[in-house]
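The lines below spell out each chain.
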Amino acid sequence: MHKIQFLFIGLCLALVGCVKPYEFEAQNFEKVLVVDGVLTDRVGQHEVKVSYTYPLDTTLNQVVAGASVWVEDEDGNQTDYTYHEQGTYVSPAGFAAAEGKSYRLYLELPGGDRYISRPEALVAAPAIDSIYDQYARLPTTLGDRTVGGIQFFIDTHDESGKAKYFRYEWEEGYKIRVPYPKRFVLENDTTLTYLIDSPGICYTENQSSELIYGTTIGSSQNRLAEFPVRFVSEEDQALRVRYSILVRQFAISEAAYLFYKRLRENNDSGGSLFDKQTGSVFGNIYAEENPDQAVLGYFEVSGVSEKRAFFNRSELDDGLDVAGFLYTCSSQNIVTAPLDSAKYYLNYTGGNIFAFEEIPPMPPTVSIHFRSCTDCSFWADPTPPDYWID
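The structure displayed is predicted, hence computed values, not measured ones. (Residues numbered from 1 in each chain as written. Predicted model: local features only at pLDDT ≥ 70, side-chain atom pairs only at ≥ 80, totals over all residues. Heavy atoms only, no water.)

### As for the overall build of the protein chain
The condition is simple: Going along the chain from the N terminus, every DSSP run of H or I of four or more residues is numbered as a helix, and every run of E of two or more is numbered as a strand. Any two residues having at least one pair of non-hydrogen atoms within 4.5 Å are treated as being in contact.
In terms of helices and strands, the protein chain carries 4 helices and 23 strands. Across the protein chain, the fraction of contacts at a sequence separation of at least 24, relative to all contacts at a separation of at least 6, is 72%.

### Focus on the confidence of the model for the protein chain
Our working definition: How sure the predictor is of each residue is captured by pLDDT, a score from 0 to 100.
For the protein chain, the mean per-residue pLDDT works out to 89, and 88% of the residues sit at or above 70. Throughout residues 8–24 the model reports pLDDT below 50, and contacts reaching past four residues in sequence, or to other chains, amount to 19 contacts. Within the model, pLDDT remains below 50 along residues 270–278, and this stretch shows 11 contacts once partners closer than five positions in the same chain are excluded.

### Considerations on the sheet that holds strand E10 (residues 128–139)
This is how the line gets drawn: Pairing between strands is defined by DSSP: at least two bridges between them are needed. Fitting a line to C-alpha atoms yields each axis, with helices limited to the stretch in contact; the angle taken between N-to-C directions then spans 0 to 180 degrees.
The strand order across the open sheet built from 3 strands is E10-E11-E17, with neighbouring strands paired in antiparallel fashion. In the strand order of this sheet, the two ends are held by E10 and strand E17 (223–233), each with one partner. Averaged over all pairs of adjacent strands, the angle between their axes in this sheet comes to 25°, without regard to strand direction.

### Quick word on the side chain of Ser117
Defined as follows: Under the scheme applied here, a residue whose accessible area is under 20% of the maximum for its type counts as buried, over 50% as exposed, and between as partly exposed, the area being computed with a 1.4 Å probe on protein chains only. Counting of polar contacts relies on pairs of N or O atoms within 3.5 Å, with two restrictions inside protein: one atom must be capable of donating a hydrogen and the other of accepting it, and residues adjacent in sequence are counted only when both atoms are side-chain atoms.
Along the polypeptide, Ser117 turns up in strand E8 (residues 114–117). Overall, the relative accessible area of 0% leaves Ser117 in the buried class. A distance of 2.7 Å separates a polar side-chain atom of Ser117 from the backbone nitrogen of Leu105. Not counting the four nearest positions on each side in its chain, Ser117 is found in contact with Arg104, Leu105, Asn284, Ile285, Tyr286 and Phe299.

### Structural notes on the state of the cysteines
A covalent bond between the sulfur atoms of two cysteines is what we call a disulfide. For the record, the criterion: Cysteine sulfur atoms are paired as a disulfide whenever they fall within 2.5 Å.
Taken as a whole, this structure holds 2 disulfides when the rule is applied. The disulfide partner of Cys202 is Cys376, and the S-S distance across this bridge is 2.0 Å. Here the S-S torsion is close to 95°, and the disulfide linking Cys202 with Cys376 is therefore right-handed. Of this pair, Cys202 sits in strand E15 (residues 201–207) while Cys376 sits in the segment after helix H4 (371–374), and the two are 174 residues apart along the sequence. Assigned by exposure class, Cys202 and Cys376 land together as buried. Disulfide pairing is shown between Cys329 and Cys373; the S-S distance is 2.1 Å. Given an S-S torsion of about -95°, the disulfide between Cys329 and Cys373 has left-handed geometry.

### Remarks on the packing of aromatic side chains
Heads up, the rule is: In this analysis, rings of Phe, Tyr and Trp, with Trp reduced to its six-membered ring, are considered paired at centre separations within 6.5 Å, and the interplanar angle assigns stacked below 30 degrees, edge-to-face beyond 60, and tilted for intermediate values.
Enumeration over the complete set of coordinates arrives at 25 aromatic pairs. Ring geometry for Phe152 and Tyr243: centres 5.0 Å apart, planes at 15°, overall stacked. Note that Phe152 is positioned in strand E11 (residues 146–157) and Tyr243 in strand E18 (residues 242–252), a separation of 91 residues in sequence. Relative accessible area serves as the criterion here: at 0%, Phe152 is assigned to the buried category.

### Things to note about the side chain of Arg167
Looking at the element boundaries, Arg167 is found in strand E12 (residues 165–177). Side chain to side chain, Arg167 and Glu169 meet in a polar contact 2.8 Å long.

### A look at helix H2 (residues 254–267)
Under the convention used in this document: What a helix is expected to span follows from its residue count: subtract one and scale by 1.5 Å.
Taking 1.5 Å per residue, 14 residues should reach 20 Å; H2 reaches 20 Å between its end C-alpha atoms and fits that length. Burial in H2 covers these residues: Ala256, Tyr257, Phe259, Tyr260, Leu263, Asn266 and Asn267.

### Some words on unusual backbone geometry
Of all residues except glycine, most have a negative phi; of all peptide bonds, most are trans. Residue Pro361 follows Pro360 across a cis peptide bond; omega there is 5°. Tracing the backbone through its elements, the reader meets Pro361 in the loop between strand E22 (352–357) and strand E23 (365–369). Residues other than glycine seldom take positive phi values, yet Gln86 does so here, at roughly 50°. As for its placement among the helices and strands, Gln86 is situated in the loop between strand E5 (78–85) and strand E6 (88–90). Accessibility expressed as a relative area gives 54% for Gln86, which makes it exposed. Positive phi outside glycine occurs at Glu226, with the angle close to 50°. With respect to the helices and strands, the residue Glu226 is situated in strand E17.

This is the structure:
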């Protein structure tokens, strides 16, 4: 979930944008500690990332190594984190927070400065009731036009009434099928071997990188309905064959919800002096000896639930105009050649054999197309993910 520093830097970039370009010179830069961590009720390793903000005229992210990081519950039980890499500290593999308990993060820098988070209590996350799709047209990032695509929604509710604020993450995977899958391998000048497992099908995965949050406040049934979590443009390759999305739902505190909301509002500002200025966004972490010292970030304690759904292209809205294949694979580029000339044409095109034909008395022939149209393994993974279901 390490998006806090990126959103903060994005806000700074927006605030210095203007109509006329100018040479930017960082002046009076104040280095601020950034702490970003999440602890859930899922057994596993949990992370805390520690770094500093850096001037806009540099690209080097200054991470913090050699710190002492630990978490204490309300009973004083301590769990130590160990340094991993790139400013990331991880908990033991079998660690998890418990419902109803409060936790605090402790951080001691190599120089001795100590930072503490305010207590955060874990609320269990209800199950996600459903994930479903609907065709929509939304503005592009530039806002100069709209693009069609599929908006994925979730419904959720909590009968206990305890979980009212949520944060979401998604992971997606989709199947890629090339137009002319490779079916034969030329072992020598005239011997073909048929491929039972063609490299014509591959898989690609992505994950969310933005803040997505919502609340059931205002709902009489403590229900979050038709909540949008992911829009996939019809210009994207993801919807051409089969698509899968996993949605994770984090039950967060009101304080965490307001922190993410303010952070997002600041980052989405156009940078005009006439915009609403919400000021600096600080979280629940403070310096032990100087509570007024600026510290960016948040230590989130949350219950988590998740749900996965699959969608075939044929199941999506008929109005969806799915993008063409990533590469130009025209039938006009097919090379049909005698088998005894296949080696030459394979070397010439860099392609693969996708068809073989033998009709006496004519000599046997092969059909060859470019590698990009016959073998997707050079730009995607031919091994299906563990969760994949056809």
